[in-house]
Amino acid sequence: MLRRDRILPEDHLPAADGLITAGRDLAGRVHVAPCPFLTEYGVDCEATYKRARMGEGAVMLHAQVGYRDAEKSRRAYAEIHARLAQDGIRLDRYGICLDWSMGYPADRRPHMPRGTGLILDSAQAFAELSACAPVAPHFGDFVIGTPAALENTIAALGAGATSIGNLGQYFTFRQPHWDDDVTTTAETVKAIALIAAQPEEILVHSNLDDGFAATFRDAACALGAVLIERYIVEDLLGAHVSHCYGHTYSDPLLRLAFQRALAATRSCPGTMVYGNTTLYGKDQASNYAALASYLLVDIYAQRSLPSGHAVNPVPVTEAERIPEVDEIVDAQRFAGRLLERSAPLDALTDGAKADGQAQQLLHGGRQFRDNVLEGLSTAGIDTSNAFELLLSLRRTGARELETQFGPGELRDTPRGPVREQLVTSATLSDLESKGRALAAELDREQRAVIESAAFTACLATTDVHEYGKVVVENLLADLGVALVDAGISIDPEVLAQKARAAGADFIAISTYNGVALEFIHRLQRSLADAGMTVPIFIGGKLNQVPDASNTSLPVDVSAELRRAGAIPCHQIADMLSSLATLARETSGAGTV
Ligand code: B12
């Protein structure tokens, strides 16, 4: 049972009214500044522009930009727009990929871990970027929802941005070494209140896959999350929220149905539909097929029911690294041609199935919202207080919310209570099956050796990416390894403590944000302080932007990780062969 004293144990929390007033008061001196996009199209905000484009029947295009180096990012902002314009393609908006470290207050940033994204060191640097081309600046990540929410929102408005995110990140992202979720929530409430007080219709952007949706098993709960966020942003704080979906929506029917259901709940245009990037792997040829498959659905969705979402042709190199300018231009040109070629196909499609599924999503989503609000209220949370509600949702997390309040039936199983799904979101179950399949494929002798060692493993991720961990978890559980879950977005010092307390035989880390090396150095120091030496397996994206880089792109750091005493694993098989060796050593049978 959820209880207020467990969710919000603090004696004093900031008063929501005071935070809202502080945010609104700032609107006296913080305004939307002009930028080439607003000037070129003669609009007061992107929402107005989007409505006009929807009226013309246009399908809008979105591209992500943001390299570590601000100068390179400015060049990209100008060049991509100019090259596409030469080909007769209008790029409507740029999603600007700020770095993870931009989520810290400015004075803390220099000392904090950096990811692979763009670092803008002043409000002026925000404005200099959006000044490079008449393309709508969308400051989508690491603004709202972070400890730097207010200061970054002020900078984004000052750069002429009228679409600012990312509320989804508020619920699931944790900055390393930052545990003060009260400040994060307070800054988020103030930032949204400042936005609400602007005369223009500013979109508070929320990428659902950055929030709880990426780990819900029932897509109806993702729709329910939309309704809850709408209640907080629109009803309690008086601003406009605009949702993005797409990363994990691989089933074409669900992708279309979700757009339909979202459109039925919306009050303002959607920001963008994200590329279905979880389909991408190392093979670029097959990535092109993936690109075409999701873009066609998104183009059809916009043509048949314009919802304002710009479509996002993600470069086919995205699983490998941050795409270069040429690769971004290629993906946009691909989309431009597909737009021309696909128009006649619209006559072949029948939306009835998608409309049926959209109804299920809406029904389940509303039920989820009502269950959550009622359940939290019963637990003692004041659900008419935006601050309390935000913090309670964040602290409770997706899994607990879905298990307690999901719209499906609750079923008892040997592994505990499980919610049935109204509309299955297969992302997690596919990953679990992948882990179990890897265990089943294992050579019999290797399997027996690992099972007989009865290992205990401590598992964690360094950041929000948890899919690699889900695969590893299911594989190890099937091999009889006892698992101690140290959690998501964990700090190295905490991981060392948990591994020690569990008496772990090895540590398995999944990492994606380009911080692997720094993380391993700190982990090794903490383990040494605790007098512990255990094998550390690390997989995911083992790269980092070198300090002296002139390309601002991350490079592989596997060799450095190995030198630092970790075992880099580009695939799961790398860990399995080392585990078998470890098991033989432990049992005294020697190595092979
Ligand atoms: C899904 C995804 C997300 C989801 C994560 C959802 C979730 N809850 O897990 C969301 C949308 C939230 C997300 C957010 C971000 N993401 Co992301 N994301 C991805 C994506 C599309 C897939 C990664 C994934 O999970 N794959 C599934 C796993 C199972 O497959 P795999 O990676 O191939 O893993 C295999 C092996 O590596 C290995 N493995 C993995 N871990 C481990 C561990 C061990 C011990 C072992 C042995 C093996 C092993 O086994 C796996 C199974 O075969 C990639 C791009 C891509 N297509 O790869 C970007 C990517 C990883 N993301 C990236 C970035 C930059 C971000 C953000 C910072 C973006 C932003 N501006 O907000 C944020 C993260 C912020 C934060 N606070 O951490 C970058 C990383 C850049 C880099 N390091 O070069 C990538 C590469 C995209 C890109 N090119 O820009 N992301």
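Residues numbered from 1 in each chain as written. Predicted model: local features only at pLDDT ≥ 70, side-chain atom pairs only at ≥ 80, totals over all residues.

Further remarks concern the overall build of the protein chain. Looking only at helices and strands, one finds 22 helices and 17 strands in the protein chain. Principal axes of the C-alpha set define a box for the protein chain whose edges measure 75 × 55 × 55 Å. Expressed as a percentage of its 592 residues, the buried residues of the protein chain come to 53%. Put simply, of all contacts in the protein chain between residues at least 6 apart along the chain, 79% involve residues at least 24 apart. (Helix = DSSP H or I, 4+ residues; strand = E, 2+ residues; numbered from the N terminus. Buried ≥ 20, exposed ≤ 12 C-beta atoms within 10 Å, placed from the backbone. Contact = placed C-beta atoms within 7 Å.)

Let us now look at the site of the ligand. Taken together, 45 residues lie near the ligand, and Ala 319, Asp 463, Tyr 467, Gly 468 and Gly 539 sit nearest. When residues of the shell around the ligand are traced back to their parent elements, those giving at least two are helix 18 (467–478), strand 13 (506–511), strand 14 (536–540) and helix 22 (572–586). Split into classes, the residues belonging to the shell around the ligand amount to 21 nonpolar, 16 polar and eight charged. Taken domain by domain, the makeup of the shell around the ligand includes at least three residues from each of domain 1 (23–353) and domain 3 (428–586). (Near = placed C-beta within 6 Å. Nonpolar A, V, L, I, M, F, W, Y, C, P; charged D, E, K, R; others polar. Domains from an automatic or database assignment.)

So, about the packing of helix 6 (residues 123–130) against helix 7 (residues 149–158). Contact pair helix 6 / helix 7: the axes reach a minimum separation of 8 Å and the direction vectors enclose 35 degrees. Relative to helix 7, the crossing made by helix 6 is right-handed. The segment helix 6 lies against helix 7, with Ala 123, Phe 126 and Ala 127 engaging Ile 154, Ala 155, Ala 156 and Gly 158. The residue inventory of the contact of helix 6 with helix 7, partitioned by class, reads six nonpolar, one polar and no charged. (Axes fitted to C-alpha atoms, helices over the stretch in contact; angles between N-to-C directions. Left-handed = near helix turned anticlockwise from the far one by under 90°.)

The subject of this paragraph is the sheet that holds strand 2 (residues 93–96). With parallel pairing, six strands are arranged side by side in an open sheet as 1-2-3-4-5-6. In this open sheet, the two edge strands, each paired with only one partner strand, are strand 1 (62–65) and strand 6 (240–244). Each strand axis lies, on average, 30 degrees off the axis of its neighbour in the sheet, ignoring direction. Relative to strand 3 (residues 136–139), strand 2 is paired through three bridges, and the arrangement is parallel. Following the sheet pairing, Arg 93 is matched in strand 3 by Ala 136. (Pairing = 2+ DSSP bridges.)

Ranked by internal contacts, the top residues of the largest apolar core, which has 135 residues, are Ile 192, Val 204, Leu 237 and Leu 361. The element that contributes the greatest number of residues to this core is helix 10 (residues 219–236), accounting for 11 residues. Structurally, this core is a two-domain feature, drawing no fewer than three residues from each of domain 1 (23–353) and domain 2 (363–419). Those residues within four positions of Leu 237 in sequence are excluded, and the remaining contacts are Ile 20, Ile 192, Ala 193, Ala 196, Ile 232 and Ala 386. Listed in part, the 51 residues of the second largest apolar core include Leu 476, Ala 486, Phe 506 and Ala 516. (Core = buried A, V, L, I, M, F, W, Y, C linked by C-beta atoms within 7 Å.)

Turning to the pairing of strand 5 (residues 203–207), a few remarks are in order. Strand 5 sits mainly inside the fold: five of its five residues count as buried. Judged by which residues are buried, strand 5 turns out to be covered on both faces: Leu 203, His 205 and Asn 207 on one side and Val 204 and Ser 206 on the other are all buried. Here strand 4 (residues 163–165) pairs with strand 5 via three bridges, running parallel. When the bridges of strand 5 are listed, Gly 165 appears paired with His 205. In the sheet, strand 5 pairs with strand 6 via five bridges, with the strands oriented parallel. When the sheet's bridge partners are listed, Asn 207 is paired in strand 6 with Cys 244. In this fold, strand 5 hands off to helix 10, which returns the chain to strand 6; that crossover is right-handed. (Right-handed = clockwise from strand over helix to strand, strands pointing away.)

Turning next to the packing of helix 17 (residues 444–453) against helix 22. A packed helix pair is summarised by two numbers, namely the angle formed by the two axes and the spacing between the axes. Interaxial distance between helix 17 and helix 22 falls to 8 Å at its minimum, and their mutual angle equals 55 degrees. Classified by the angle between their axes, helix 17 and helix 22 sit oblique to one another. The crossing of helix 17 and helix 22 is left-handed. Every residue of helix 22 that contacts helix 17 at Gln 446, Val 449, Ile 450, Ser 452 and Ala 453 is listed here: Leu 576, Leu 579, Ala 580, Ala 583, Arg 584 and Thr 586. Classifying every residue of the contact of helix 17 with helix 22 by side-chain character gives seven nonpolar, three polar and one charged. (Parallel < 35°, antiparallel > 145°, perpendicular 65-115°, else oblique.)

The buried fraction of strand 6 amounts to five of the five residues, a majority that puts the element mostly inside the structure. Side chains His 240, Ser 242 and Cys 244 project from strand 6 onto one buried face, and the interleaved Val 241 and His 243 project onto a second face that is buried too.

Time to look at helix 11 (residues 252–265). Compared with the 20 Å implied by 1.5 Å per residue over 14 residues, the 20 Å span of helix 11 between its first and last C-alpha is a close match. Within helix 11 the residues assigned to the buried category are Leu 254, Arg 255, Leu 256, Ala 257, Phe 258, Gln 259, Arg 260, Ala 261 and Leu 262. (Expected span 1.5 Å × (residues − 1).)

Next up on the list: the environment of Val 65. Structurally, the position occupied by Val 65 is in strand 1. Look at Val 65 and you get buried, because 26 C-beta atoms sit within 10 Å. Remark: the alpha-carbon pair of Val 65 and Glu 402, spanning 337 residues in sequence, is separated by 34 Å. Ignoring any residue separated from it by four or fewer positions in sequence, one finds Val 65 in contact with Ser 73, Ala 76, Tyr 77, Ile 80, Tyr 94, Ile 96, Cys 97 and Ile 328.

Attention now moves to the domain arrangement of the protein chain. What the domain assignment lists for the protein chain is domain 1 (23–353), domain 2 (363–419) and domain 3 (428–586). If you average the C-alpha positions of domain 1 and of domain 2, the two centres end up 27 Å apart. Taken together, the contacts link 24 residues of domain 1 with 22 residues of domain 2. Of all the secondary structure elements, the ones that give two or more residues to the side of domain 1 that touches domain 2 are helix 8 (167–172), helix 9 (181–196) and helix 10. Of the residues forming the side of domain 1 that touches domain 2, the biggest block, nine residues, is contributed by helix 10. For the side of domain 1 that touches domain 2, the per-class residue count stands at 17 nonpolar, four polar and three charged.

For helix 22, spanning 15 residues, the distance from its first C-alpha to its last is 21 Å, which sits close to the expected 21 Å at 1.5 Å a residue. For helix 22, the full list of buried residues reads Ile 572, Met 575, Leu 576, Leu 579, Ala 580, Leu 582 and Ala 583. End-on, the buried residues of helix 22 take up no more than an arc of 165 degrees, which puts them together on one face. Facing away from the buried side of helix 22 by more than 90 degrees, the exposed set consists of Ala 573 and Glu 585. The inward-facing, buried residues of helix 22 abut helix 16 (427–441), helix 17, helix 18, strand 13, strand 14 and strand 17 (567–569). (Arc of directions from axis to C-beta.)

For the rest of this paragraph, the subject is unusual backbone geometry. A cis amide bond links Gly 165 with the next residue in sequence, Asn 166, at an omega value of 20 degrees. Along the chain, Asn 166 falls in the loop between strand 4 and helix 8.

Moving on: the environment of Glu 229. Structurally, Glu 229 can be placed in helix 10. Residues Glu 229 and Arg 369 lie 140 residues apart in sequence; the distance between their C-alpha atoms is 9.5 Å.

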